[in-house]
Amino acid sequence: MMDLKLVGIAAGHPAHLTAAAIEAISQAEVILIPQKGEDKEELAQLRLTLCETFSPGRVIGFDMPVRDTDIADYKERVNLWHDAIAAAWLHALGSLQPGLRVVLLVWGDPSLFDSTLRIAERLRGQLEFSLSVVPGLTSIQLLTAAHAVPLNALAEPFLVTTGRHLRNSGWPAGVDTLVVMLDGDCAFRDLDPEGVSIWWGAYLGMPGQILDHGLLSEAGPRIEVRRAQARAARGWIMDTYLLRRQRAVSAP
């Protein structure tokens, strides 16, 4: 039976790997590397650097399928994309000998807004394998560390959400701190900025990391410009931000 490990690698910086991640990579006989085209060659190179640093194993690349943007329903579009990724995995893994130790490197942590675990489950019944996970630092931890800011207000909850949900549903009730991920279109611009602060970071933990922080009314427009410039310059962007709303104090 194949031993398949999903290893969280944070932002791909060797210093951010846990000891468990380094051990898993160093013991791997095969490492799968997705190829996402020229625009994201930098991401593949970060993975390859980790392999060169920690692993003597064989590296196998596979072409990463792209989403069909003509499908209107978001979940249907993503599910079909995941089916295609699972098929690409199966093609890459199906020719390997049984019993090999195989590692797939996952940005951040496989449990948080990442579908690698769901994709792996699609292989059940088509490939004999055991599945395990090595956790990694998330972009949330990298963001709060870069800004030296606590994630939650004192004794208060926080919510992790997506740009799509924030744009479609607005600020969720019952929480004053939001972490927003997978936001491709600056959903914060549609919020009432009164009393809201933002901590934003792009390419967190990578070369060329960009940070900004301030009142949303002031920092928001700056972030939109910087984000667009960075994406144009590098061809891709990964960013995350924290929003905190100051509660209004009732008059006595």
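Residues numbered from 1 in each chain as written. Predicted model: local features only at pLDDT ≥ 70, side-chain atom pairs only at ≥ 80, totals over all residues. Heavy atoms only, no water.

- Under an unreviewed UniProt entry, the name given to the protein chain is Precorrin-6A synthase [deacetylating], and the organism recorded is Falsigemmobacter faecalis.
- Taken from UniProt, the Pathway (unreviewed entry) comment for the protein chain reads in full: "Cofactor biosynthesis; adenosylcobalamin biosynthesis."
- UniProt annotates the protein chain under Catalytic activity (unreviewed entry) with the comment "precorrin-5 + S-adenosyl-L-methionine + H2O = precorrin-6A + acetate + S-adenosyl-L-homocysteine + 2 H(+)". (UniProt positions renumbered as here; feature names shortened; annotations may be inferred.)

1. As for empty space enclosed by the protein
Consideration 1: Summed over the entire model, instances satisfying the criterion amount to two cavities of 30 Å³ or more.
Consideration 2: Volume-wise, the largest cavity comes out at about 60 Å³.
Consideration 3: Lining the largest cavity, in full, are D3, K5, A24, Q27, A28, R101, V102 and V103.
Consideration 4: Only β1 (2–8), α1 (19–27) and β4 (101–106) provide two or more residues apiece to the lining of the largest cavity. (1 Å grid on protein atoms, 1.4 Å probe; cavity = no way out; pocket = protein on both sides within 12 Å on 5 of 7 lines; lining within 4 Å. Points joined across faces, edges and corners; volume = space filled by probe spheres on them. Helix = DSSP H or I, 4+ residues; strand = E, 2+ residues; numbered from the N terminus.)

2. Some words on the sheet that holds strand β6 (residues 159–162)
Consideration 1: The strand order β6-β7-β10-β8-β9 describes an open sheet built from five strands, whose pairing is mixed. Only two strands of the sheet have a single partner each, and these edge strands are β6 and β9 (210–215). Between one strand axis and the next, the sheet turns by 15° as a mean value, whatever way the strands run.
Consideration 2: Relative to strand β10 (residues 239–245), strand β7 (residues 177–181) runs antiparallel, the two sharing four bridges. Within β10, the residue paired with L178 across the bridge is L243. (Pairing = 2+ DSSP bridges. Axes fitted to C-alpha atoms, helices over the stretch in contact; angles between N-to-C directions.)

3. Looking at the environment of Q141
Consideration 1: Note that Q141 resides in helix α5 (residues 139–147).
Consideration 2: Overall, Q141 belongs to the partly exposed group, its relative accessible area being 38%.
Consideration 3: For the pair formed by Q141 and A11, sequence separation is 130 residues and the distance between their alpha carbons is 11 Å. (Buried < 20%, exposed > 50% of the residue type's maximum accessible area, 1.4 Å probe, protein only.)

4. Topic: the sheet that holds strand β5 (residues 129–134)
Consideration 1: Strands sit in the order β3-β2-β4-β1-β5 across an open sheet of five strands; the sheet is parallel. This sheet does not close on itself; its edge strands, each paired only once, are β3 (58–63) and β5. Neighbour to neighbour, the strand axes of the sheet diverge by 25° on average, direction disregarded.
Consideration 2: Where strand β2 (residues 30–35) and β3 come together, six bridges link them in parallel fashion. When the bridges of β3 are listed, V30 appears paired with R58.
Consideration 3: Here α1 sits on the sheet and contacts β1, β2, β4 and β5; the angle it forms with β1, its principal contact strand, is near 140°.
Consideration 4: The sheet contacts of helix α2 (residues 41–54) involve β2, β3 and β4, and relative to β2 the element is tilted by about 170°. (Contact = heavy atoms within 4.5 Å.)

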